[in-house]
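# Residue-level structure breakdown
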Amino acid sequence: MDRLSILKALGDNTRYAIYLEVVRAPSPRSTGEVAETLGLHPNTVRPHLERMREVGLLDVEVDSKGMVGRPTHRYFVAADAPSLGLEPPAFPVLARMLVSVAGALGIGGDDVVGAGREQGRAMARTVRAARHVRGRDDGCVAVLDRALESLGFDPASETDADGTTIAFTHCPFRELAESHPEVVCHLHRGIVEGVLESGDGDDAVTVESFHTLADREPCQVVLSRR
């Protein structure tokens, strides 16, 4: 595989965003699905997907069952594509299996929040350490924003006299969250709570309410001072 061709292919910001969407998706994605998630026109997305297929980053499966007209092309990461520091294709498969097992065993709700909190505390330490090296000591809301951004939630924050609302404009676990919200959404809430535990004094913030996809779209968290 020509590494230079791959790097050139991903040098375009839009194409790179499309590649990240396909890499992080739990199942192959059609042109229309990628376009809808990223807010782009399918005619914009299609040539970018094909370009990445040509250089060996993506493979495509054609679904024509029960379809009228043009068959649907669904793209996924090629088996021999370089990782580029991203999660390997096996990770989404493992995530689906683990969530299915948890659901079958009736594990969910408060049972999984604790695991999320542990991950959130670890992420807060990592983000704060990195920011401190750069000479910045951000408040816990800013740390939470960075942690959510690193996971692919594309957070949008708004602060007023009553507190801060963070909307998750993109859910990287949407398919799993829709099928097993009792596991995935509560893990997400635990992560948020774990990150916020890093704040103290004037920086102390708590979760006032957490709204999942079942409540609204996009899902969001409302924060208030302790």
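Residues numbered from 1 in each chain as written. Predicted model: local features only at pLDDT ≥ 70, side-chain atom pairs only at ≥ 80, totals over all residues. Heavy atoms only, no water.

### Quick notes on the sheet that holds strand 2 (residues 58-63)
Strand order in the open sheet formed by three strands is 1-3-2, and the pairing between neighbours is antiparallel. The sheet is open, and its two edges are formed by strand 1 (29-30) and strand 2, each paired on a single side. As paired elements, strand 1 and strand 3 (residues 72-77) share two bridges and run antiparallel to each other. By the bridge assignment, S30 is partnered in strand 3 with R74. (Pairing = 2+ DSSP bridges. Helix = DSSP H or I, 4+ residues; strand = E, 2+ residues; numbered from the N terminus.)

### Points about the confidence of the model for the chain
Mean pLDDT over the chain: 83, with 87% of residues reaching 70 or higher. Taken element by element, the predicted model of the chain shows its lowest mean pLDDT in helix 1 (residues 3-9) (79) and its highest in helix 4 (residues 42-54) (93). (pLDDT = per-residue confidence, 0-100.)

### Some details on the sheet that holds strand 5 (residues 163-168)
In spatial order, the strands read 4-5-7-6; together these four strands make up an open sheet with antiparallel pairing. Where the open sheet ends on each side, the last strands, each with one partner, are strand 4 (155-160) and strand 6 (205-211). In this sheet, neighbouring strand axes are inclined to one another by 20° on average, regardless of whether the strands run parallel or antiparallel. Pairing of strand 4 with strand 5 involves six bridges; the strand directions are antiparallel. Considered in strand 5, the bridge of A156 is made with A167. (Axes fitted to C-alpha atoms, helices over the stretch in contact; angles between N-to-C directions.)

### Remarks on helix 2 (residues 13-24)
Here helix 2 spans 17 Å end to end across 12 residues, near enough to the 16 Å set by a 1.5 Å rise per residue. Restricting attention to buried positions, one finds in helix 2 the residues R15, I18, Y19, L20, E21, V22 and V23. A side-chain oxygen of the first residue of helix 2 lies 3.0 Å from the backbone nitrogen of T14; this N-cap is D12. (Expected span 1.5 Å × (residues − 1). Buried < 20%, exposed > 50% of the residue type's maximum accessible area, 1.4 Å probe, protein only. Polar contact = N/O pair within 3.5 Å; in protein donor to acceptor, adjacent residues only side chain to side chain.)

### Digging into the packing of aromatic side chains
Under the criterion given, the structure shown has three aromatic pairs. Ring centres of F168 and F210 lie 6.0 Å apart, and the angle between their planes is 40°; on these two criteria the pair is classed as tilted. A residue pair is termed long-range when its members are at least 10 positions apart, and F168 in strand 5 and F210 in strand 6 qualify at 42 residues. Residue F168 shares its accessibility class with F210, and that shared class is buried. (Phe/Tyr/Trp six-rings, centres within 6.5 Å; stacked < 30°, edge-to-face > 60°.)

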